[in-house]
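A closer look at the structure
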Amino acid sequence: MKVFIDKSAIESNIKNAERITGKPIALMFKDFYEYVYPCLDVKNNILSKHIDNSVCYSIGCASTQNNGSVISCFQEALKFHNDFGIKKFYIPINSLDNREGFGLYKATKMANVVRKMIPDAELTAMITSGCINEYFLPISFWNSMDNETRSAFNRWSLGGSFYLGHEEFFSFADEIRIGEYMLFGTIPFCEKNHLLGRNGITFKTRVLAVYPERDEFICDCGYSVCDIQNCSFLGFNKIKRASVDFVDSSSDYAIFKGCKGVEAGYELLFVPDYKSLVKLKNVEHGIV
């Protein structure tokens, strides 16, 4: 197996996001696809765990490699400032997904306390929608915001890629964070096809053996490296076929029905689903 990174497609998606929003685009590199970053020529604000001069996206964590962090309390801000010289802090605000975000009142109070302890801190309100459901804060949330809240934060950051499909929020954002759109050109819970970009991640798997007596073949793609049943089939390298019929997976192999015309050594190309990237991080990577 091998994962392929389409550098031109990913960089095109980033530029397209900038065109759509007219706003600075921050790039999210989760640790299971940080290997993509060195392949790119970008100067955007970066959120990651291990990339130099990035904001650590993992709440309450930071290291010498980071120039910013996502915090859950003012004590974390003080610790990261003292230990690593960090002055850039993201405070997550709950946007109906009930993840790491706080209510607006608590987030504002936290920002004010951090400002008193670290006067030159840069405080960003971090709003996330579209990662686990389609919920988001209504426009009325923004219109009713009081001056204390507005002045507590230097910047407002919206993410993930979900917000590319909601132009009504662009005027409120100082930054829009993307991950999925950068990699795949897709926008969660959005049917505006004219906004879609290009796919930038594919992987190939090789046919290991063919079993005519049961009309099946197996590939080197078990569930230890990918959930191939959730990935999108693009085609064979040797024969034309619009689809493959997935049967099952073991830890080492994926089993498919329909072996007519298939021979050992043939390759199949897929677009991984986002969650499969977690397993594919351990597969060989290359640039196309």
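Structure's up top.
Residues numbered from 1 in each chain as written. Predicted model: local features only at pLDDT ≥ 70, side-chain atom pairs only at ≥ 80, totals over all residues. Heavy atoms only, no water.

**Quick look at the pattern of salt bridges**
Side-chain pairs of opposite charge can arise whenever the charged atoms involved come near each other. A complete count under the given rule lists 13 salt bridges for this structure. Where Asp120 meets Lys87, a salt bridge forms, and the shortest distance between an N and an O atom there is 2.8 Å. Of the two residues, Asp120 sits in the loop between helix 3 (104-117) and strand 7 (122-128) while Lys87 sits in the loop between helix 2 (74-84) and strand 6 (88-93), which places them 33 residues apart along the sequence. According to the relative accessible area criterion, Asp120 is partly exposed, its value standing at 46%. Here the salt bridges share partners, and the residues they tie into one network are Lys7, Glu11 and Asp41. (Salt bridge = Lys/Arg side-chain N within 4 Å of Asp/Glu carboxyl O. Helix = DSSP H or I, 4+ residues; strand = E, 2+ residues; numbered from the N terminus. Buried < 20%, exposed > 50% of the residue type's maximum accessible area, 1.4 Å probe, protein only.)

**Details of the pairing of strand 8 (residues 155-159)**
Buried residues dominate strand 8, accounting for 5 of its 5 residues. Taking every second residue as pointing to the same face, both faces of strand 8 are buried, with Arg155, Ser157 and Gly159 on one and Trp156 and Leu158 on the other. With 5 bridges joining them, strand 7 and strand 8 adopt parallel strand pairing. By the bridge assignment for strand 8, Thr128 is matched with Gly159. Bridge count for strand 8 against strand 9 (residues 175-178) is 3 bridges, and the pairing is parallel. Across the sheet, residue Leu158 finds its bridge partner in strand 9, namely Ile176. (Pairing = 2+ DSSP bridges.)

**A look at the layout of surface pockets**
Within this model, the largest pocket holds a volume of roughly 610 Å³. What lines the largest pocket is a set of 27 residues, and nearest its centre among them are Lys30, Arg99, Thr128, Cys131 and Tyr274. Counting residues per element, the ones that place at least two in the lining of the largest pocket are strand 7 and strand 9. Here the residues of the lining of the largest pocket are counted per class, giving 14 nonpolar, 7 polar and 6 charged. (1 Å grid on protein atoms, 1.4 Å probe; cavity = no way out; pocket = protein on both sides within 12 Å on 5 of 7 lines; lining within 4 Å. Points joined across faces, edges and corners; volume = space filled by probe spheres on them. Nonpolar A, V, L, I, M, F, W, Y, C, P; charged D, E, K, R; others polar.)

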